Amino acid sequence: MTIPYEPILFGTKVNVHLVLEYLAFFIAFRYYVFLRKRSNDPISSNNRLSIIIGAIFGALLFSRLVAFFENPVLHWQQGWLAILNNKTIMGGLFGGLLGVELAKKIIGEKQSSGDLFTLPIILGIIIGRIGCFLLGVKEFTYGKPTTFFMGMNLGDGVARHPIALYEVVFMVFLFITMKYGQKKFVPLESGAYFKFFMVSYFTFRFFIEFLKPNTFFIAGLSSIQILCLICLLYYFKFIRQGLSYARKKLRVL
């Protein structure tokens, strides 16, 4: 199989990335429905629907906004259609978070809502990133040229870091850790699993961005890295509690 992978069906090239992107949404949503049926969800169906709507609108807005700031000069020159089509999962996640919090304020919902979404989101990202990997250099999830043994020809004849593949491996590890961690360890407070996911993923993305050939920087960082720092600041209290808990455990050992 060559990268980019573009199979031909009925004489037409198939956009594997687009197919897997839609499949990711479908499978993630069905997995969410499956998990909700098996859980004692304290949030009513109507409030869940309002929360999902808030997440969708927040994700749609911020996924485009953050993608635009990855290279605003270039995207502005490309025109409005390109701006509307460009998107990033990082902006989608953080925008979805803000959309959820706004929706909960409007409907007066006090319960944490993120835990039930966590594993479906991770599963969706894994499927979507496989599509990104198969598209190679046609999707801006490839890395810088490298002599590292993991370097791959992603379609331009240059050995590059397969960033999307690194992310798939990390997300599979995170999925397994959180899936079985819920069974093995003492249950955490409501919302803690989603916070752990956000902190883990945004920390990973902050460092992996150094391997991408970004060209537009603010204070030496890409827009994605700046968003990662904003997200980690948003969860500063949770991070501090986690570090304090880890120190106590180490003292016991």
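Just so you know, these numbers come straight off a predicted model, no measurement behind them. Position numbers for residues start from 1 in each chain and track the written sequence from start to end. For this predicted model, a pLDDT threshold of at least 70 governs which residues receive local features, and a threshold of 80 or more governs which side-chain atom pairs are given and counted, while totals over whole chains, interfaces and linings are taken from all residues. Side-chain numbers here rest on the full set of heavy atoms in the structure, without hydrogens or water.

1. Observations concerning empty space enclosed by the protein
The criterion, for reference: Only protein atoms enter the calculation, which uses a 1 Å grid: trapped sets of points that fit a 1.4 Å probe without letting it out are cavities, open sets showing protein on both sides within 12 Å along at least five of seven lines are pockets, and any residue with an atom within 4 Å of a point is a lining residue. Grid points are joined across faces, edges and corners, and a volume is the space filled by probe spheres set on the points. Side-chain classes are defined by residue name, with Ala, Val, Leu, Ile, Met, Phe, Trp, Tyr, Cys and Pro counting as nonpolar, Asp, Glu, Lys and Arg as charged, and the others, Gly among them, as polar.
Overall, the coordinates contain one cavity of 30 Å³ or more when judged by the stated rule. In this structure, the largest cavity is lined by Cys 132, Phe 133, Gly 136, Thr 141, Tyr 142, Leu 154 and Ala 164. Considering only residue class, the lining of the largest cavity consists of five nonpolar, two polar and no charged.

2. Here's the deal with helix H2 (residues 45–68)
To be explicit about the condition: For helices the rule is a DSSP run of H or I covering at least 4 residues; for strands it is a run of E covering at least 2, with both sets numbered from the N terminus onward. By definition here, a helix of n residues has an expected span of 1.5 Å times n minus one. We call a residue buried when its accessible area falls under 20% of the maximum for its residue type, exposed when it is over 50%, and partly exposed in between, using a 1.4 Å probe and counting protein chains only. In this analysis, two residues are considered to be in contact whenever any of their non-hydrogen atoms come within 4.5 Å of each other.
With 24 residues, H2 extends 35 Å between its outermost C-alpha atoms, agreeing within 8% with the 34 Å of an ideal straight helix rising 1.5 Å per residue. Restricting attention to buried positions, one finds in H2 the residues Asn 47, Arg 48, Ile 51, Gly 54, Gly 58, Ser 63, Val 66, Ala 67 and Phe 68. Of the surrounding elements, those touching the buried residues of H2 are helix H1 (16–37), helix H3 (72–78), helix H4 (80–85), helix H5 (89–107), helix H6 (115–135) and helix H9 (223–234).

3. What about the packing of aromatic side chains?
Centre-to-centre distance and the angle between the planes together describe a pair of aromatic rings. Using the following cut-off: Pairing of aromatic rings covers Phe, Tyr and Trp, the last through its six-membered ring, and needs centres within 6.5 Å; plane angles under 30 degrees mean stacked, over 60 mean edge-to-face, and all others mean tilted.
By the definition in use, this model includes 15 aromatic pairs. Taking the centre distance of 6.3 Å and the plane angle of 35° together, the rings of Tyr 31 and Phe 175 count as tilted. With Tyr 31 in helix H1 and Phe 175 in helix H7 (residues 163–184), this residue pair connects regions lying 144 residues apart in the sequence. Each member of the pair, Tyr 31 together with Phe 175, is buried. Each ring, one from Phe 194 and one from Phe 197, has its centre 6.1 Å from the other, and the planes form 55°; the classification is tilted. Of the two residues, Phe 194 and Phe 197 both sit in helix H8 (residues 192–208), three residues apart, roughly one turn of that helix. Comparing Phe 194 with Phe 197 shows no difference in burial state: the two are buried.

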